[in-house]
Amino acid sequence: MQKSSNNSTKKTKNGIFPDLNSWDPTNWTAKNVLSSPSSIAVLISLAIYAGSTTEINMIKGIAVSSQIKAIVHLFSFASWFGTMIYTTFVAGITMFQNLPRQIFGKLQSKLFPIYFMMSSILILLQIPTIPSSVLDRDSSSFSSPILLGCALVMTLLNQFLLEPLSTNIMFQRHAL
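Not measured: the values here are computed from a predicted model.

(A) Structural detail: the overall build of the protein chain. A tally of helices and strands in the protein chain yields five helices and two strands. When the helices and strands of the protein chain are listed from N to C terminus, the series reads α-β-β-α-α-α-α. In the protein chain, which comprises 176 residues, the proportion classed as buried is 27%. Contacts spanning at least 24 positions in sequence make up 52% of the contacts within the protein chain whose residues lie at least 6 apart.

Given below as structure tokens:
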């Protein structure tokens, strides 16, 4: 086990498990390149470039086919929907039933900002990548971007207003 510059992990007698007294839980894995803000910005820009309804888009020399748009849309929708279902019906309920209230609250205060950020990014990827076949059906098909836009607004409201307020209130009540 190598010693990280940010982590003061020491080996025990057997050399396998770290000494938990000096273990830093915030530095348990290396940073992932795909989780950096610049990578997220690149993915969003690619989705925006794919936003036209033509078969092949030529925007600033980048060709994006309708199949790529459909794959990005399907991946972002499946990731968003799966995350919502798992967080709501599996992880949230399991943690609530098995953790003490203060630990559950502290864990949720760390998970929810990441959850809302990921949801915002995935919805933002879905809007410009709606397949042209969906938009070309009839005039009522423009409800898809409107509904996704509403979901984005509500997610951003949760991310920047409701979650920080409720987390602060929760910590104030825990201090009583």
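(B) Main features of the side chain of Ser109. Following the sequence through the fold, Ser109 ends up in helix H3 (residues 101-126). For Ser109, a relative accessible area of 12% gives the class buried. Discounting residues that sit within four places of it in the chain, Ser109 has contacts with Glu163, Thr167, Met170 and Phe171.

(C) Fine view of the nonpolar core. Counting nine residues, the largest nonpolar core is built from Trp80, Ile121, Leu122, Ile123, Leu125, Ile130, Leu148, Ala151 and Leu152. Counting only elements with at least two residues in this core, the list comes to H3 and helix H5 (143-175). It is H3 that provides the largest number of residues to this core, a total of four residues.

(D) Here's a closer look at the environment of Ile146. Turning to its location among the elements, Ile146 is positioned in helix H5. Exposure remark for Ile146: the relative accessible area of 55% places this residue in the exposed category. With 19 residues separating them along the chain, Ile146 and Ile127 place their C-alpha atoms 8.8 Å apart.

(E) Examining the environment of Ile71 more closely. With respect to the helices and strands, the residue Ile71 is situated in helix H2 (residues 66-98). Taking C-alpha positions, Ile71 is 9.3 Å from Pro131, a pair spaced 60 residues apart along the chain.

What counts, and at which threshold
Residues numbered from 1 in each chain as written. Predicted model: local features only at pLDDT ≥ 70, side-chain atom pairs only at ≥ 80, totals over all residues. Heavy atoms only, no water. Helix = DSSP H or I, 4+ residues; strand = E, 2+ residues; numbered from the N terminus. Buried < 20%, exposed > 50% of the residue type's maximum accessible area, 1.4 Å probe, protein only. Contact = heavy atoms within 4.5 Å. Core = buried A, V, L, I, M, F, W, Y, C linked by side-chain atoms within 4.5 Å.

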